[in-house]
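This is what each chain is made of:
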Amino acid sequence: MNYSFLLFPGFKDKAVTFSYDDGVKEDLRLIEIFNKYGLKCTFNLNSEIFGDEYYSNRLTVEQAVKAYRGTPHEVAAHGARHYSAEEVSEDVFVREVISCRERLEEIFGGIIKGFAYANGSYGDMSVRALKACGIKYARTVKSSGGFSIPENWLELMPTCHHNDPALFDLADSFLRGEKSGYFWRQSAAPRLFYLWGHAYEFNNDNNWEVIEKFARLMGEREDVWKCTNVELYDYVQAFMRLEYSAGHTAVYNPSCMPVYLNNEGEKTVAEPGKTTELSVPRR
């Protein structure tokens, strides 16, 4: 029996994604940096808190449309009014999510699949509510300090916040691709660096050079897939839906996107809607 492991598009074994909250004016500068280095970010917005006389630091609807719509970046939900999920009743939280999705889809088009928990507040109720509201993934504020591909998509743990003192040590370890174990299977897993924060923190802390340096490190690497949160989710789901023959000599891809595989050291593409033969590596 041979086995196939996930690789990212272009047979890359590393990916980087970003998640930034609140739709603030500093996002404009952050977007310039991401665009400069070919990176993609997911921006989590509150549908009822756009810039006005009470929220002077938030982008207006018009500014947000210009900043995010029709760009490589993703818009995700952050709750209509930025309520902490576990501090409101379930029916209030459901309305927070549904109304946020509806309004953001109206403004930006497309389908909103993602969510970031406001104030990092979540629990069994909010996870259950997100499922009922059609949300596919949701980010917490708990750092994993690691590079694993998510398994619990409604309780995503980012690698770290951009102010983490270990940020560049983690980045160095990630880019070196340190492996462990005696057998190649133990080191075959792809790696994900997931960074989060608020763009206004760079102004508050006077440290824009941090994100500039990090963006340059990731952007200049051709072996790193640059993706939004939803692109990561959709791609991993496509991998999870692959169907293999009993002897693992063929794979059928029912999705609409190609999936790149490491078939025990041999690179293979599972083409969308097709069955692909898998070679059996020599022992």
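To start, this report covers the structure provided alongside it.

Definitions and cut-offs
- Residues numbered from 1 in each chain as written.
- Predicted model: local features only at pLDDT ≥ 70, side-chain atom pairs only at ≥ 80, totals over all residues.
- Heavy atoms only, no water.
- Helix = DSSP H or I, 4+ residues; strand = E, 2+ residues; numbered from the N terminus.
- Buried < 20%, exposed > 50% of the residue type's maximum accessible area, 1.4 Å probe, protein only.
- Areas by Shrake-Rupley, 256 points an atom, 1.4 Å probe, with all protein chains shown as cover.
- Lys, Arg positive; Asp, Glu negative; His and termini not counted.
- Charge placed at Lys NZ, Arg CZ, Asp CG, Glu CD.
- Contact = heavy atoms within 4.5 Å.
- Core = buried A, V, L, I, M, F, W, Y, C linked by side-chain atoms within 4.5 Å.
- Pairing = 2+ DSSP bridges.
- Expected span 1.5 Å × (residues − 1).
- Axes fitted to C-alpha atoms, helices over the stretch in contact; angles between N-to-C directions.
- Parallel < 35°, antiparallel > 145°, perpendicular 65-115°, else oblique.
- Left-handed = near helix turned anticlockwise from the far one by under 90°.
- Nonpolar A, V, L, I, M, F, W, Y, C, P; charged D, E, K, R; others polar.

Structural notes on the overall build of the chain
Then comes step 1: Within the chain, the regular secondary structure consists of eight helices and 14 strands.
Then comes step 2: Taking the principal axes of its C-alpha atoms as reference, the chain extends roughly 70 × 40 × 35 Å.
Then comes step 3: Relative to its full complement of 283 residues, the chain shows a buried share of 53%.
Then comes step 4: Total accessible area on the chain stands at roughly 13,300 Å², and carbon and sulfur atoms take up 49% of it.
Then comes step 5: Taking the 32 positively charged and 40 negatively charged side chains of the chain as two groups, their mean positions are separated by 6 Å.

Regarding the side chain of Ser99
Then comes step 1: By the element assignment, Ser99 lies in helix α3 (residues 90-108).
Then comes step 2: Residue contacts for Ser99: discarding those within four places in its chain leaves Ser47, Glu48 and Ala80.

Here we look at the nonpolar core
Then comes step 1: Grouped together as the largest cluster of nonpolar side chains are 58 residues, with contacts concentrated most on Phe18, Tyr20, Tyr68, Phe193 and Ile211.
Then comes step 2: Among all residues touching Phe193, those that are not within four sequence positions of it are Ala15, Val16, Thr17, Phe147, Thr159, Cys160, Leu167, Leu170, Ala171, Phe174, Phe214 and Met218.
Then comes step 3: Counting residues in hydrophobic clusters, the runner-up holds 27 residues, among them Leu6, Tyr137, Leu232 and Phe239.

Quick word on the sheet that holds strand β14 (residues 275-277)
Then comes step 1: Spatial strand order, β10-β11-β14: three strands in an open sheet with antiparallel pairing. The open sheet is flanked by β10 (243-244) and β14, the only strands paired with a single partner.
Then comes step 2: Judged from the three bridges that link them, strand β11 (residues 250-252) and β14 form a sheet pairing that is antiparallel. Its bridge partner being in β14, Val251 is matched across the sheet by Thr276.

Some details on helix α8 (residues 229-240)
One turn of the α-helix equals 3.6 residues, which is why residues spaced by three or four share an orientation.
Then comes step 1: If you check α8, its first and last C-alpha atoms are 17 Å apart, about what 12 residues at 1.5 Å a residue would give, namely 16 Å.
Then comes step 2: Every buried residue of α8 is accounted for by Asn229, Val230, Leu232, Tyr233, Tyr235, Val236, Ala238 and Phe239.

Considering the packing of α3 against helix α4 (residues 124-132)
Then comes step 1: Between α3 and α4, the shortest axis-to-axis distance is 10 Å and the interhelical angle comes to 45°. Judged by the angle between their axes, α3 and α4 are oblique. You can see that α3 and α4 cross each other, and the crossing is right-handed. From α3, Glu90, Phe93, Val94 and Val97 reach across to α4, where they touch Met125, Ser126, Arg128, Ala129 and Leu130.
Then comes step 2: Residues of the contact of α3 with α4, tallied by class, amount to six nonpolar, one polar and two charged.

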